[in-house]
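Close look at the chain arrangement
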Amino acid sequence: MNGFNRIRATLRHTLFSNDSSSSPTMARREDFPILNRHLSSYERFDLSTGGQGASSTSFHNINPLNTSSSHVPIIETTSDGVEFLPNNAKRTLRTIPGVFCPIALSMFSISLFMRMGFVVANAGVLQTLLQFGLCFIILFCTLLSVCALATNGAIEGGGVYHMISRALGPEFGGSIGVLFFFANVIGNGQSVAALVEAIVASFGPGSKANAFEDSHWWRILYGTFINIISLVTCLLGSSLFSMATFFIFILVSFVYLMVVVSFFVKSPLQVLIPKVNTYVYDQQASLYNKTDLIYGNYTGFSSATMRENTYANYTIDYTTGDTMDFATVFGVLFSSITGLLAGANMSEKRIENKFIMFQVPIFYLGELKRPSRSIPTGSVTALLFVFFILITEALLMAGTTSRFVLTNNYLFLQDINIWEPFVVIGIIAATFSACLSGLVGASRILEALAIDEIFGPLFHWIRGGTTHRGNPWAAVLFTFILVQLTLLIGSMNKIAPIVTIFFLLAYFAVNLSCLALDLASAPNFRPTFKYFSWHTALIGAVGSIIMCFIVSAAFASIAIGVLIGFICMLHLRDFPRASWGSISQALIFHQVRKYLLMLDPRKEHVKFWRPQMLLLVSNPRSSINLIDFVNDMKKGGLFILGHVKTGHMDVGSNDVCSQEYPYWVSLIDNMKIKAFVDMTLAPTIRDGVLQLMRLSGLGGLRPNTVILGFYDGATPEDKLRNRSFFKRRWLKSSTPINTLATPAFHQQETIQSGRMEGASTITLNSFNSSTAINGNDMYPIFNFGELRQENEEKELDAHSYVQIIKDALHLNKSVCLARNFHQLQKDEIEINRRKVFVDIWPVNFIFPETSTQFDVTCLYMLQLATILAMVKPWKTRATLRVFLCIDAINDNALRTQQHLDELLSQLRINAQTRMIAWENVTSLLNIAPTVTNDSAATIPVEQQASATTTTTAASTNSFVDINDVYVRGVNELIRQQCDNTSCLYLYLPRPPKDKTLSQRYIRVLDMLSNDLPPVMFVHGVSSVTCTQL
């Protein structure tokens, strides 16, 4: 017994290297341990001390009752309260037992002794080699992608699921993880069915033993018994399975060696066709006595036999009764060698700490000693080894065994072997090993999905069902139940196409992950495995998806449909634990950067003009309606929310813009608008707005229109708190957010009014003083400051407001002033489905003599209104109306209306036209303008239609003072036409050159828009539409 123990200890030391020197308290410090230790997101290295958190690390035993046990892991606690296990505490598996043997055994399991004859009999030697070539290309390209992912970072729980989810993000990773889980489950069921088939064929009816019955339910009973044995083995721990894998591999290799030797030493003989092949026995008309047995010929090496087996001859499969074809045979072959990812699934596992005293619930234990080295080396070696063995076996079979035997006895290797039980032992060992591998791999994937909370609390019971040694018994038990249901499908060949589809989609996802990472040119994607390129990933992905549809278009469509459904479902939920990043963001960045460089502002053309809006907002609480309206008016253009905070950046002080920025982003998300946020800190509001107008945007994406709220004395109304936000909260995780993990901007103190030196906003505080800023706040959009009260003074004076308008015009940007948009009731338009009007008044009321002349601003107003009418609900509920003021005495109203209709027709604008007589209003203008209007910037329709580039309009006359009676008359004229009007577009005159007229300018605009529906004053500076193609 002592000798046996010494031998066992020597083997364990050689294969698993579980010596005490790996303990962190006993190991010798090396110069740079960061170079040879597995990096985890929970570990921190201090190069100054050469250790891991050595400067402030304390050690605690996870089990204070047994401190002397070598099996008790030691937890290291850093100064930040983060706990982790030393990396080498449970990393015991090396390349051969941990990667090479599981992969080789999983790929050997069914194909080596049970299905090579089936493939050669139907496909022939040539098509068999072709199918092997296709399998090798797909598997080899996938293997290169797996090696690249495995050597680009730490592989944690779930193996391939971890690779895909950390590369593609939780939505794609979770969906493909579920797909891969079911692939392992169904593959495990196929292995069980294969083992049952081998047992029944070897010991069932017609055999020498005749010990087992053969029927559908008897086979399910045998499969259940085998499944239970696998369950018990896995519950004892994967380490037991890993230890046994190496010895099973040695056994299977020895059996295969005996098979090869038998091909050379065995003389020609008669091979019995088993009784389970009811098809051939029923079809033999020459047999009148049904108790007679049928035999086929084993010829030994023969050129005639090789010629017979060279070409394809697809026949009926006696296990299913179905006629075979290329796709079906490929599905059986590929499903038999899908053990490529078995090593990656065993790369690492996670367990949960059950001791409340440590407060950090998750840490990691590994199984592979060096995953980034073992996975590439072991996988490549195993793949080449398996394909060499299988191709050699196929050629030996084709040259020695008649097609009749290959077609009707899939286990003929027993009859031609030196000792028949050799093959039976090899089949049982290989298939049972595949059963264990599939059960362990599937349970690890399910455990990883549960720990990542991909499906919220749905799998919390999986996390709870884990032993103190990290064996996920709950996941193993659930997988066992699903495997049991898989056995109801039937024989191994019926399960094979499903297994092939699922694994091909999993391989497609692996290659897609690598392809996306490589194309995104992410700096942190630098795998140490150098034999990978995007070409191999593309070949693997395309080959996988093509063969997926060739095998079964119906199953492939269903699987892809389910996958897309999972992706859509997971896209609608939050992932509080999934801080992995998403490859989509890297790809978007890569493409956006590329196309931004291609977007040349010098090539702009008026035909492709679109509005690029910069909306200046002081407080979103009072601007919700306006933000929503501008979002409708942008028509696929750029939309930026600009905000200015006044103050100075003091040394050591926090950046108030970065603190408040997350609330603006949250506002955009909740409003479901497509906009960006741009904030700046400046000494004055005008300086800040000038910064935004100059610097907002990037490359060819820069604002061409600046929108401001109106400057009046009205008290702003809070529209934010009363607005309905339909935020998606289903499948939201119930896990409380740890305060240590709260983002930095949530850990700042609440900024009270007047308490931050050198920084204040335009008219509001940075945050609501009554709102606690913390990570658990479900409504961060309510963290904006309170609105200006009735008696509070504005921080922006009228002169600065007018100067901002002048600055925008000097920068060649169109200007819009929005007033009364707190009255806009867009929801009622959509809910009540009532018809409304959008009115355009293309008249410069400051210069009434130009009322029938269309300039750039008039065309700009028409363009904005037309864009608004192209968006729901305005598209179906709003009617455009264009009002033209005429002198009924001196002007020809009919001809003017005809010209206007013709212009709108040429501009493809569907609008009603109204001629309004206003000589009674113009008569109130009893003072002549101080400047004549001969040089007004009017653009005839012909000139507008022939414009080929964006032109800047000549400066129209600046604002001149006019009497209040006339302005009120114009206001009354407009109000009389505003029956059921939802919003209006009015002409915005240029600001006065005389600074003393700034207050008067605001006063005229105020009287002009008083008591009107929502008004958008517009002043354009460039051509925006044309009549030519």
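Residues numbered from 1 in each chain as written. Predicted model: local features only at pLDDT ≥ 70, side-chain atom pairs only at ≥ 80, totals over all residues. Heavy atoms only, no water.

1. Comments concerning the overall build of the protein chain
Along its length, the protein chain carries 32 helices and 18 strands. When the 1029 residues of the protein chain are sorted by exposure, 55% land in the buried category. A separation of at least 24 residues holds for 80% of the contacts in the protein chain among residues at least 6 apart in sequence. When the accessible surface of the protein chain is split by element, carbon and sulfur atoms take 58% of a total near 45000 Å². (Helix = DSSP H or I, 4+ residues; strand = E, 2+ residues; numbered from the N terminus. Buried < 20%, exposed > 50% of the residue type's maximum accessible area, 1.4 Å probe, protein only. Contact = heavy atoms within 4.5 Å. Areas by Shrake-Rupley, 256 points an atom, 1.4 Å probe, with all protein chains shown as cover.)

2. Regarding the confidence of the model for the protein chain
Confidence in the prediction of the protein chain, expressed as mean pLDDT, is 75, and 75% of residues score 70 or more. Taken as a whole, residues 346-366 scores under 50 in pLDDT and shows 88 contacts with residues more than four places along the chain or in a different chain. Within the model, pLDDT remains below 50 along residues 928-956, and this stretch shows 53 contacts once partners closer than five positions in the same chain are excluded. (pLDDT = per-residue confidence, 0-100.)

3. A few points about unusual backbone geometry
Omega for the bond connecting K872 with P873 falls within 30 degrees of zero, at -5°, which places this linkage in the cis form. Within the secondary structure, P873 sits in the loop between α26 (856-868) and α27 (874-877). The phi dihedral of R908 falls on the positive side, at around 55°, and the residue is not glycine. The residue R908 is located in the loop between α28 (893-906) and β16 (912-917) in this model. You can call R908 exposed: its relative accessible area is 55%. Positioned with a positive phi, N980 is a non-glycine residue whose angle comes to about 60°. Residue placement: N980 occurs in the loop between α31 (964-976) and β17 (981-987). The class for N980 is partly exposed, based on a relative accessible area of 34%.

4. Some remarks on the side chain of H1019
Tracing the chain through its elements places H1019 in strand β18 (residues 1015-1019). Residue H1019 is classed as buried on the basis of its relative accessible area of 3%.

5. A few points about a nonpolar patch on the surface
A surface patch of nonpolar side chains, about 930 Å² in accessible area, is lined by L251, F254, L257, V261, F264, V265, F301, I418, W419 and I425. Mapping F264 onto the fold places it in helix α7 (residues 238-265). For F264, a relative accessible area of 58% translates into the label exposed. (Patch = residues over 30% accessible without salt bridge, like charges linked within 9 Å, V, L, I, M, F, W, Y side chains within 5 Å. Salt bridge = Lys/Arg side-chain N within 4 Å of Asp/Glu carboxyl O.)

6. Some thoughts on the pattern of salt bridges
Under the definition given, this model contains 14 salt bridges. Put simply, D628 and K826 hold a salt bridge, and the shortest N to O gap is 3.5 Å. Here D628 is found in helix α21 (residues 624-633), whereas its partner K826 is found in helix α25 (residues 826-832), with 198 residues between them in sequence. With a relative accessible area of 12%, D628 lands in the buried category. A residue is classified by how much of its surface remains accessible, and K826, at 13% relative accessible area, is buried. Across the salt bridge formed by D712 and R819, the nearest N and O atoms sit 3.4 Å from each other. Note that D712 is positioned in the loop between β11 (705-709) and β12 (759-761) and R819 in strand β13 (residues 814-819), a separation of 107 residues in sequence. Each member of the pair, D712 as well as R819, is classed as buried.

7. Points about the packing of helix α14 (residues 421-451) against helix α16 (residues 473-486)
Between α14 and α16, the shortest axis-to-axis distance is 8 Å and the interhelical angle comes to 120°. By the angle between their axes, α14 is oblique relative to α16. The way α14 lies across α16 gives a crossing that is right-handed. The segment α14 lies against α16, with L439, A442, S443, L446 and E447 engaging A475, V476, F478, T479 and F480. (Axes fitted to C-alpha atoms, helices over the stretch in contact; angles between N-to-C directions. Parallel < 35°, antiparallel > 145°, perpendicular 65-115°, else oblique. Left-handed = near helix turned anticlockwise from the far one by under 90°.)

8. Some points on the pairing of β11
Counted residue by residue, β11 has four buried out of five residues, so it is predominantly covered. Looking at chain direction, β11 and β13 are connected through five bridges and run parallel. Bridging from a neighbouring strand, V706 pairs with V815 of β13. (Pairing = 2+ DSSP bridges.)

9. Regarding the packing of helix α5 (residues 170-203) against helix α6 (residues 216-235)
α6 packs onto α5 with a crossing angle of 120° between their chain directions and a minimal axis gap of 9 Å. When the axis of α5 is compared with that of α6, the two are oblique. For the crossing formed where α5 meets α6, the hand is right-handed. Every residue of α6 that contacts α5 at V192, L195, V196, E197, I199 and V200 is listed here: R219, Y222, G223 and I226.

10. Details of the environment of P611
Secondary-structure assignment places P611 in the loop between α20 (583-598) and β8 (613-616). Between the alpha carbons of P611 and Q863 there is a distance of 9.3 Å; along the sequence they are 252 residues apart. Sequence-distant contacts of P611, that is, excluding residues within four places in its chain, are made with M633, K634, G637, L638, N704, L864 and I867.

11. Regarding the packing of aromatic side chains
Counted according to the given criterion, the structure contains 28 aromatic pairs. Judged by centre distance (5.4 Å) and plane angle (15°), the ring pair of F136 and F140 falls under stacked. Taken as a pair, F136 and F140 lie in helix α3 (residues 111-150) at a separation of four residues, close to a single helical turn. Ring plane angle 80° and centroid distance 5.1 Å describe the contact between F136 and F387, whose orientation is recorded as edge-to-face. Of this pair, F136 sits in helix α3 while F387 sits in helix α12 (residues 371-400), placing them 251 residues apart in sequence. Accessibility expressed as a relative area gives 26% for F136, which makes it partly exposed. (Phe/Tyr/Trp six-rings, centres within 6.5 Å; stacked < 30°, edge-to-face > 60°.)

12. Brief notes about α16
For α16, built from 14 residues, the straight-helix expectation of 20 Å at 1.5 Å per residue is met to within 8% by its first-to-last C-alpha distance of 20 Å. Within α16, burial applies to A474, A475, V476, T479, F480, L482, V483, Q484 and T486. Considering only its buried residues, α16 is in contact with α5, α6, α14, α15 (460-464) and α17 (492-520). (Expected span 1.5 Å × (residues − 1).)

13. What about the pairing of strand β9 (residues 639-647)?
With respect to burial, β9 is a largely interior element, nine of its nine residues being buried. Burial along β9 is two-sided: F639, L641, H643, K645 and G647 and I640, G642, V644 and T646, pointing in opposite directions, are all buried. Pairing analysis gives four bridges linking β8 to β9, with the strands arranged parallel. Paired with M613 across the strands is F639, a residue of β9. Taking the sense of rotation as the criterion, the β-α-β connection linking β8, α21 and β9 turns out right-handed. Two elements, β9 and strand β10 (residues 676-682), share seven bridges in a ladder whose sense is parallel. Bridging from a neighbouring strand, T646 pairs with A682 of β10. (Right-handed = clockwise from strand over helix to strand, strands pointing away.)

14. Topic: the nonpolar core
F113, V252, F334 and L413 are the most contacted members of the largest nonpolar core, which totals 145 residues. With 21 residues, the single largest contributor to this core is α3. When neighbours within four sequence positions are excluded, V252 is seen to be in contact with L105, F108, L112, F113, G426, A429 and A430. Counting residues in each nonpolar core, the second largest holds 63 residues, with W664, L824, I886 and L903 among its members. (Core = buried A, V, L, I, M, F, W, Y, C linked by side-chain atoms within 4.5 Å.)

15. Re the environment of S191
Its location among the elements puts S191 in helix α5. According to the relative accessible area criterion, S191 is buried, its value standing at 5%. Sequence-wise, S191 and A434 are 243 residues apart; in three dimensions their C-alpha atoms are separated by 6.3 Å. Once residues lying within four places of it in the same chain are set aside, the contact partners of S191 are I110, T431, A434 and C435.

16. Looking at the environment of I273
Examined against the element boundaries, I273 turns out to sit in the loop between β4 (269-272) and α8 (278-283). Residue I273 is classed as buried on the basis of its relative accessible area of 0%. Excluding residues that lie within four positions of it along the chain, I273 makes contacts with V280, Y281, I294, Y295, G296, F404, N408 and N409.

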